[in-house]
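Working through the structure, step by step
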Amino acid sequence: MKVKVNRHAAKALKKMLAETGAEGKLFRVFVTSVHGDHAHYDLKLDTPTENDEVVKSDKEIDFILDKNDEYLDDIWIQFFHVPNEEWLITNPSKGGHHHHH
């Protein structure tokens, strides 16, 4: 399973980890709902269970993914500062819509 993170997202996530002081916790990417061919995602701090895979991103941040959920493979986490602060978590390999700014 793979996770990609853009530079702004990596910075924001590292900052959140530092601020919460959550020792031993990682960000879990999870599906909040599925609409037809695409899913909506969210992030939370969590600890992995035996059903999870801990995935290293390309930005030195590890993520927890449920290894039985096909929607989580190939996730792309982006964070934008302009025009306003916004998280965008998509899965390019699963189709779905893109938010246009």
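See the structure shown above.
Residues numbered from 1 in each chain as written. Predicted model: local features only at pLDDT ≥ 70, side-chain atom pairs only at ≥ 80, totals over all residues. Heavy atoms only, no water.

**Some details on the overall build of the chain**
A tally of helices and strands in the chain yields one helix and seven strands. Taken from the N to the C terminus, the helices and strands of the chain come in the order β-α-β-β-β-β-β-β. Its C-alpha atoms give the chain a radius of gyration of 13 Å, near enough to 13 Å, the size a compact globule of 101 residues would have. Each principal axis of the C-alpha distribution contributes one length, and for the chain these read about 35 × 35 × 20 Å. (Helix = DSSP H or I, 4+ residues; strand = E, 2+ residues; numbered from the N terminus. Rg over C-alpha atoms; globule rule 2.2 N^0.38 Å.)

**Looking at the packing of aromatic side chains**
This structure, assessed with the given rule, holds one aromatic pair. Between the aromatic rings of Phe79 and Trp87, the centroid separation amounts to 4.5 Å while the plane-to-plane angle is 40°, which identifies the pairing as tilted. For Lys4, the ring lying beneath its charged end belongs to Trp76, and the centroid distance is 4.6 Å. (Phe/Tyr/Trp six-rings, centres within 6.5 Å; stacked < 30°, edge-to-face > 60°. Lys NZ or Arg CZ within 6 Å of the ring centre and 35° of its normal.)

**With respect to the pairing of strand E3 (residues 38-46)**
Here nine bridges tie strand E2 (residues 26-35) to E3, and the two strands are oriented antiparallel to one another. Bridge pairing links Val31 to Tyr41 in E3. Taking the residues that link successive antiparallel strands as the turn, the E2-E3 hairpin has two residues, and the phi of Gly36 there is positive, at about 55°. (Pairing = 2+ DSSP bridges.)

**Quick word on the pairing of E2**
With two bridges connecting them, E2 and strand E5 (residues 62-66) associate as parallel partners. Residue Arg28 lies in a different strand from E5, and its bridge partner there is Ile64.

**Description of unusual backbone geometry**
The step from Val82 to Pro83 runs through a cis peptide bond, and the omega angle for that step is -5°. Mapped onto the fold, Pro83 is located in the loop between strand E6 (75-80) and strand E7 (86-90). A positive phi angle, close to 65°, is found at Glu60, a residue other than glycine. If you trace the backbone, Glu60 turns up in the loop between strand E4 (52-56) and E5. At Asp74, a residue that is not glycine, the phi angle is positive and equals roughly 85°. Within the secondary structure, Asp74 sits in the loop between E5 and E6.

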